[in-house]
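Reading the structure
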Amino acid sequence: MLTRTLARLSWVDLILRVFQIIAAIVIVIGIVNVFRSNTYTSNQWATLVFAGLAQGSIYALIALGYTLVYGILLMINFAHGEVYMAGAFSTVFLAGYFSNTGFLQSSPILAIIIMIIFAAAVSTAIALLLERIAYRPLRNAPRLIPLITAIGASFTLQYTFRGLYGAEFKSYPQVPALSGTVNVIGFDVPLVQLVVFFAAVGLMIALYLYVERTKSGKAMRAVSEDKDVARLMGIDIDRVIVTTFALGGALAGAAGVFNGLFRPQGVFFFMGFFPGIKAFTAAVLGGIGNIPGAMIGGLMLGLIESLGPNSIVEGLGIPSANQLKDAIAFSVLVLILIYRPQGIFGERLAEKKA
Amino acid sequence: MAMLEVNDIHTYYGNIHALKGISITVEEGEIVTLIGANGAGKTTTLRTISGLLKPRQGNVTLWGEDIVQYAAHEVVFQGVAMVPEGRGVFAKLSVKENLEMGAYSRKAGSGIRQDMDRMFALFPRLEERIGQLAGTLSGGEQQMVATARALMARPKLLLMDEPSMGLAPILVDGIFDTIKEINQEGTTVLLVEQNALMALSIANRGYVLQTGEVVISDSAENLKVNETVQKAYLGID
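Every value quoted in this text rests on a predicted model; they were computed, and no experiment measured them.

Calculation notes
- Residues numbered from 1 in each chain as written.
- Chains lettered and ligands numbered in written order.
- Predicted model: local features only at pLDDT ≥ 70, side-chain atom pairs only at ≥ 80, totals over all residues.
- Helix = DSSP H or I, 4+ residues; strand = E, 2+ residues; numbered from the N terminus.
- Rg over C-alpha atoms; globule rule 2.2 N^0.38 Å.
- Buried ≥ 20, exposed ≤ 12 C-beta atoms within 10 Å, placed from the backbone.
- Contact = placed C-beta atoms within 7 Å.
- Pairing = 2+ DSSP bridges.
- Axes fitted to C-alpha atoms, helices over the stretch in contact; angles between N-to-C directions.
- Core = buried A, V, L, I, M, F, W, Y, C linked by C-beta atoms within 7 Å.
- Domains from an automatic or database assignment.
- Nonpolar A, V, L, I, M, F, W, Y, C, P; charged D, E, K, R; others polar.
- Parallel < 35°, antiparallel > 145°, perpendicular 65-115°, else oblique.
- Right-handed = clockwise from strand over helix to strand, strands pointing away.

Some thoughts on the overall build of chain A
- For chain A, the count of helices and strands is 15 helices and two strands.
- The C-alpha radius of gyration of chain A comes to 22 Å, within 12% of the 20 Å expected for a compact globule of 354 residues.
- Each of the three principal axes of chain A carries a C-alpha extent, and together these read 75 × 60 × 40 Å.
- Here chain A, with 354 residues, has 45% of them falling under the buried criterion.
- Look at the contacts in chain A between residues 6 or more apart in sequence, and 79% of them connect residues 24 or more apart.

Below, the structure is given as structure tokens:
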């Protein structure tokens with residue numbers, strides 16, 4: 001029995017297994033060192049947790065766009081980061097206008113809701129254009145081709161925005177109403193983080209209810225299982241695909257505004273790239289194609305990114321650990337792809353390819 | 001005018017000429033069966049009628065109206081529903097959601113609830129499993145889901161592709177009884193079957209297909225005693 005198992009184990013498996021064990025040991029050593037040295041107070045840890053949750057909920061919203069489209073078309077829409085950028089970038093001007101006229105100060109809730117709707121509308125429009133122009137003509141092409149098209153579309157969008165609005169950084173105005181802190185179970189948490197987190201979770205719940213309860217949500221799930229049988233039921237596949245892109249776009253646009261509230265700086269034409277890839281990581285982490293998976297994956301990635309530098313990397317004696325956030329996020333992507341490509345909640349990919 | 005008329009259709013898979021001029025008619029209220037070996041074109045014929053495949057030549061008319069012009073998702077609005085080969089239940093949808101999808105082409109409130117109750121009367125087992133994911137059901141239960149789902153569209157014409165495939169013989173009898181019952185309630189049935197004997201025992205008429213062509217067309221009684229049919233499809237020498 002044991003010898004048979006050993007015989008089946010290739011040297012690649014062996015190396016991967018050894019690497020996995022080493023990685024686990026390194027992570028444990030890092031964590032133990034940090035906690036033994038008591039570098040941070042519980043208040044500081046709480047700050048990291050809440051910042052991580054807020055950031056993670058933004059990742060989750062973007063990740064849903066990847067996962068929804070993958071669920072229906074088995075295609076990764078790598079231009080989705082730009083869909084997010086389009087919403088976030090366009091709304092910077094509206095936000096500036098609201099701030100200058102005093103509308104943002106006098107009725108912040110209404111102003112922010114209008115900004116979210118505007119960003120969602122812009123992102124949805126971009127997502128629908130992408131679907132119509134870049135992806136629909138390639139629906140029956142080999143899977144690699146729309147992937148390359150997505151990268152091309154991504155550059156097109158980036159440089160269109162650069163051409164229109166220039167390459168310099170813009171920033172969202174400060175919202176005075178969101179600048180305070182709130183006491184949550186004894187910790188001071190910036191209000192903006194709580195607002196972003198709960199608003200994002202609210203949108204996710206709304207999406208979940210739409211997909212689970214409504215007729216068109218059920219049709220969406222039916223299409224993701226079997227397109228031909230769905231057509232026999234009278235479901236218009238093209239309409240479902242358009243709805244899917246629209247939903248993903250709207251969530252990405254909302255995420256753009258949340259990001260602007262949470263982190264006002266850094267609005268420019270390339271701003272969609274990293275959040276895009278990280279949200280893709282989150283979607284893979286949760287299991288691509290799985291809606292709750294994208295939500296949990298996003299929150300987990302936000303937490304890992306926020307807590308990772310201080311809890312693991314620093315304990316290993318690596319200086320300026322906070323600059324390694326991105327490295328940690330992408331290490332997560334590599335590790336999942338090697339050890340658990342189906343993600344936390346996903347089924348085996350091969351099953352869906354047929 | 002016949003309810004369904006398939007006139008000389010030629011359907012291709014890429015370059016493979018799968019149907020070489022099939023013509024069949026189905027009158028309202030009938031059960032008509034297509035029998036034949038694997039690859040004879042039975043499933044392809046059904047898929048062409050339902051709009052999933054488009055013929056390069058020939059037409060399909062329902063009450064005289066050409067339905068080849070409609071996309072697959074529009075054909076069901078004309079009153080044609082299909083139970084696909086291998087059942088094709090939505091595995092990750094519950095039994096209830098599968099039935100709701102069957103009624104997708106209908107407006108909300110047009111008696112969908114009552115029809116669902118009728119399905120549960122026809123298949124009491126499904127009511128017990130109403131909240132269960134269809135993928136967790138047995139093959140026989142999945143066949144019930146697929147049949148009930150198609151009926152939820154209130155079709156005038158029901159296309160059934162190999163309903164007995166992969167089922168235990170004891171269940172097969174039940175399936176064919178149900179088909180008869182559905183037919184007596186007023187639904188016309190076009191049935192594709194490998195199990196020719198069973199199919200002919202409930203059908204009014206039958207067509208024998210061979211490599212994409214109709215080779216024999218006759219009443220079910222005559223087909224049962226036809227020598228060629230007996231040798232090739234009924235296993236009688």
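With respect to the overall build of chain B
- Check the secondary structure of chain B and you find ten helices and ten strands.
- Along the first, second and third principal axes, the C-alpha set of chain B runs to 45 × 40 × 35 Å.
- Counting only residues that meet the buried cut, chain B has 47% of its 237 residues in that class.
- Across chain B, the fraction of contacts at a sequence separation of at least 24, relative to all contacts at a separation of at least 6, is 66%.

Comments concerning the sheet that holds strand β9 (residues 205-210) of chain B
Residues and elements named next belong to chain B.
- Taken in spatial order, the six strands of this open sheet run β6-β7-β8-β3-β9-β10, and their pairing is mixed. Sheet topology places β6 (80-83) and β10 (213-219) at the edges, where each strand pairs with a single neighbour. Strand-to-strand twist in this sheet, taken as the mean axis angle between neighbours without regard to direction, amounts to 15 degrees.
- Across five bridges, strand β3 (residues 31-36) lies against strand β8 (residues 188-193) in parallel orientation. The partner of T33 across the bridge, within β8, is L191.
- Together, β3, β6, β7 (157-161), β8 and β9 form the strand contacts of helix α1 (residues 42-49), whose direction differs from that of β7 by roughly 145 degrees.

Some words on the nonpolar core
- Counting 169 residues, the largest nonpolar core has A60, L61, A63, V196, L251 and A254 of chain A together with L159 of chain B as its most contacted members.
- Among the elements that take part in this core, helix α3 (residues 42-73) of chain A stands out by supplying 17 residues, more than any other.
- Both domains that meet at this core, namely domain 1 (4-79 + 156-234) and domain 2 (91-154) of chain B, each give it at least three residues.
- In this structure A60 of chain A touches A200, M204, A282, A294, M295, G298 and L299 of chain A, once residues within four positions along its chain are discounted.

Focus: the interface of chain A and chain B
- Across the boundary between the two partners, chain A contributes 14 residues, which contact 19 residues of chain B.
- Of all elements in the fold, only α9 (215-225) and α10 (227-232) of chain A reach the threshold of two or more residues within the side of chain A that touches chain B.
- At five residues, α9 of chain A tops the list of elements feeding residues into the side of chain A that touches chain B.

Things to note about the domain arrangement of chain B
Residue and element names in this part refer to chain B.
- By the assigned domains, chain B splits into domain 1 (4-79 + 156-234) and domain 2 (91-154).
- Taking the mean C-alpha position of each, domain 1 and domain 2 sit 23 Å from one another.
- A per-element tally of the side of domain 1 that touches domain 2 places helix α7 (residues 169-184) first, with four residues.
- Split into classes, the residues belonging to the side of domain 1 that touches domain 2 amount to eight nonpolar, two polar and no charged.

Some words on the packing of helix α8 (residues 191-213) of chain A against helix α11 (residues 237-262) of chain A
All names here are of chain A.
- Across the interface, α8 lies against α11 with an axial gap of 10 Å and an inter-helix angle of 170 degrees. Between α8 and α11, the interaxial angle falls into the category roughly antiparallel. Of the residues in α11, those touching α8 at V192, Q193, V196, A199, A200, L203 and L207 are L247, L251, A254, F258, L261 and F262.
- Looking at the contact of α8 with α11 residue by residue, the classes come out as twelve nonpolar, one polar and no charged.

Some details on the sheet that holds strand β5 (residues 65-66) of chain B
All names here are of chain B.
- Read from one edge of the open sheet, four strands run β2-β1-β4-β5, paired in antiparallel fashion. Strand pairing shows two members of the sheet lacking a second neighbour, β2 (16-26) and β5, which therefore form its edges.
- Bridging between strand β4 (residues 57-62) and β5 involves two bridges; their strand directions are antiparallel. Note on β5: the bridge partner recorded for T61 is D66.

Notes on the environment of L133 of chain B
Residues and elements named next belong to chain B.
- Inspection of the secondary structure assignment puts L133 in the loop between α5 (124-128) and α6 (139-151).
- Residues L133 and V95 lie 38 residues apart in sequence; the distance between their C-alpha atoms is 6.1 Å.
- Excluding residues within four positions of it along the chain, L133 makes contact with A91, K92 and S94.

Quick notes on α1 of chain B
Residue and element names in this part refer to chain B.
- Of all the eight residues making up α1, seven are buried; the element is thus mostly covered by neighbouring parts of the structure.
- Residues of α1 that are buried: K42, T44, T45, L46, R47, T48 and I49.
- Positioned one or two residues after α1, G51 has a phi angle of 95 degrees, which is positive.

So, the pairing of β8 of chain B
Residues and elements named next belong to chain B.
- With six of six residues buried, β8 lies mostly within the body of the structure.
- In terms of strand pairing, β7 meets β8 through five bridges, oriented parallel. Within the sheet, the bridge partner assigned to D161 lies in β8 and is V192.
- The β-α-β motif built from β7, the intervening α7 and the parallel element β8 has right-handed crossover chirality.

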